[in-house]
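Reading the structure
Take a look at the letters that make up each chain.
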Amino acid sequence: ATYGPSIIATHGAIADGASHPLSDYFATLVAAQAVYPHANALTNQLDWAACQKAQDAAGEAEAQAERATHMAAELRKTKEFLESLIEASVDAIVAADLTGTIILYNKCAERIYGHKGEEVIGKMHVSKLYPEGGAKEVMRRIRSSDWGGVGRLDTMRSFALDKEGNRIPTSLSAAMIYEHGQPTA
């Protein structure tokens, strides 16, 4: 690879065509190597050492970019897997943010409740899926230590409401979702 003058100058090159041994700038080889790790003698030229440092920096930047690309691909693969897992579930999976707005609604939820995902995600309050007071009771139990521990609700018998307002008997489990120790859903 080639590096332009500004990149090399960033790493200390003078590039004036004159000789600039490291001994003009450093008292010891150890001091020179602290700045220019490839230096092996104080007679090495400053411009050469700066070029080596620029190459190292460019190589590290390239390696970081490659790691970031790999990590992005792994995250995308994990996201796609989790989305497929949620959609393939034989149970309705519904999640709401802390304001109660539905943010996740899988295919089984569509089948049970009768609402399409695009009708509810980001548009409907989760309380619309329960009879009067049902959503508040679920949240009360999630926040209590008596029903599976704080942040969890072990299986409870309840009723849900379908799109037509019909009561549907359900067996419900729920959990609070945390990010960095703070509840988010």
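Coordinates for the structure precede this section.
Let us look at the structure shown here. None of these values were measured; they are calculated from a predicted model.

A cluster of nonpolar side chains, contributed by Phe81, Leu82 and Leu85, occupies part of the molecular surface with about 310 Å² of accessible area. Here Leu85 is to be found in helix H3 (residues 46-88).

On to helix H6 (residues 134-143). Turning to H6, its buried residues number three or more, namely Gly134, Ala135, Val138, Arg141 and Ile142. For H6, the buried positions fall inside an angular range of 125 degrees around the axis, keeping them on one side. Counted as exposed and oriented over 90 degrees from the buried face of H6: Lys136 and Arg143. On the buried face of H6, the contacting elements are strand S3 (152-161) and strand S4 (167-175).

The final tally for this structure, using the stated rule, is 2 aromatic pairs. Measuring from ring centre to ring centre gives 6.2 Å for Phe26 and Tyr36, while their planes differ by 85 degrees; the resulting arrangement is edge-to-face. Separated by 10 residues along the polypeptide, Phe26 in the loop between helix H1 (5-10) and helix H2 (29-35) and Tyr36 in the loop between H2 and H3 bring together distant segments of the chain. Here Tyr36 falls in the buried class, since its relative accessible area comes to 6%. For the pair Tyr105 and Tyr113, a centre-to-centre distance of 6.3 Å together with 35 degrees between the ring planes defines the contact as tilted. Here the guanidinium or amino end of Lys53 rests over the ring plane of Tyr36, the centre of that ring lying 5.4 Å away. Against the face of Phe159 rests Arg167, its NZ or CZ located 4.2 Å from the ring centre.

With that settled, the discussion passes to the pairing of S4. Here S3 pairs with S4 via 8 bridges, running antiparallel. Bridged to Arg157 within S4 is Ser171. Counting the residues that bridge the hairpin from S3 to S4 gives 5 residues, and of these Gly165 lies at a positive phi of roughly 90 degrees.

About the cut-offs
- Residues numbered from 1 in each chain as written.
- Predicted model: local features only at pLDDT ≥ 70, side-chain atom pairs only at ≥ 80, totals over all residues.
- Heavy atoms only, no water.
- Patch = residues over 30% accessible without salt bridge, like charges linked within 9 Å, V, L, I, M, F, W, Y side chains within 5 Å.
- Areas by Shrake-Rupley, 256 points an atom, 1.4 Å probe, with all protein chains shown as cover.
- Salt bridge = Lys/Arg side-chain N within 4 Å of Asp/Glu carboxyl O.
- Helix = DSSP H or I, 4+ residues; strand = E, 2+ residues; numbered from the N terminus.
- Buried < 20%, exposed > 50% of the residue type's maximum accessible area, 1.4 Å probe, protein only.
- Arc of directions from axis to C-beta.
- Contact = heavy atoms within 4.5 Å.
- Phe/Tyr/Trp six-rings, centres within 6.5 Å; stacked < 30°, edge-to-face > 60°.
- Lys NZ or Arg CZ within 6 Å of the ring centre and 35° of its normal.
- Pairing = 2+ DSSP bridges.

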